[in-house]
Structure formats: structure tokens, C-alpha cells
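Secondary and tertiary structure notes
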Amino acid sequence: MALTQTEKKEMETLVRKEIKDFFGSSTAKQFEDKLIDRVSKEMKRGGKLDGQLKDLIIKSFREFYTIMYQQRSFWESKFRNA
């Protein structure tokens, strides 16, 4: 079952929201759990997802790491002081 453009955009929006929520979370584990829950809900709702899910995850993590790089002044000092 292929994803429509609307479904892709909806999933991208959900992932972006989760990335933004990550900065409000206290741990990366909470972010990971939320993301896994969202993906599993989408899979149950839409049935079987082919290779398009892999592309979506790659795109999502690319965006996540871009945001982390751009926000490095926020978290970098916390790691240095740990």
C-alpha cells in the first residue's frame, strides 16, 4: 500500500512536532518512545507501509540532526559541564 502525498505530509508534520517537543523533554528516551508510538499508530491505521517509511525516517532524522546542529549552543554547554 503506497502512501499518498497527504499522508506523507501528515507524517512529516507529526515528526516535526515531535522534534520540537523533544526540546521540551528531559531525555532522549522520551523523544524516542513518542516517535516509536506515533509510527506504530500510523502503521496500524494505514496497514502495510513499504520502503516509503524508510525514506520518511531518513528524512526525519536528517531534519532532527540539522535542528540539533543549529541549536548546539543550547545543549553543548550542558554536555561540557556534565
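Residues numbered from 1 in each chain as written. Predicted model: local features only at pLDDT ≥ 70, side-chain atom pairs only at ≥ 80, totals over all residues. Heavy atoms only, no water.

1. Focus: the pattern of salt bridges
What counts here: Take a side-chain nitrogen of Lys or Arg and a carboxyl oxygen of Asp or Glu: if they are within 4 Å of each other, that pair is a salt bridge. Segments assigned H or I by DSSP are reported as helices when at least four residues long, segments assigned E as strands when at least two residues long, and all are numbered from the N terminus.
By the definition in use, this model includes three salt bridges. The partner of Arg16 in a salt bridge is Glu12, and the shortest N-O contact between them spans 3.8 Å. Taken as a pair, Arg16 and Glu12 lie in helix α1 (residues 5-22) at a separation of four residues, close to a single helical turn. A salt bridge links Lys59 to Glu12, with the shortest nitrogen-to-oxygen separation between them at 3.1 Å. Residue Lys59 is located in helix α3 (residues 52-70), and its partner Glu12 is located in helix α1; the two are separated by 47 residues in the primary sequence. Several salt bridges share partner residues, and in doing so they unite Glu12, Arg16, Lys59 and Glu63 into one network.

2. Describing the packing of aromatic side chains
As a reminder, the rule being used: Two rings from Phe, Tyr or Trp (for Trp, the six-membered ring) form a pair when their centres are within 6.5 Å of each other. A pair whose planes differ by under 30 degrees is stacked, one over 60 is edge-to-face, and the rest are tilted. Each residue's exposure class comes from its accessible area (1.4 Å probe, protein chains only) as a fraction of the maximum for that residue type: buried when under 20%, exposed when over 50%, partly exposed otherwise.
Applying the stated criterion across every chain, the model contains three aromatic pairs. Aromatic side chains Phe61 and Phe64 sit 6.4 Å apart centroid to centroid with 80 degrees between the ring planes, which places their arrangement in the edge-to-face category. Of the two residues, Phe61 and Phe64 are both situated in helix α3; the distance of three residues between them amounts to about one turn of the helix. Using a relative accessible area of 34% as the deciding quantity, one classes Phe61 as partly exposed. Given the relative accessible area of 10%, Phe64 is considered buried. Here the aromatic rings of Phe64 and Tyr65 are separated by 5.2 Å at their centres, their planes lie at 70 degrees, and the arrangement is edge-to-face. By the ring-pair criterion, three or more aromatic residues cluster together here, those being Phe61, Phe64 and Tyr65.

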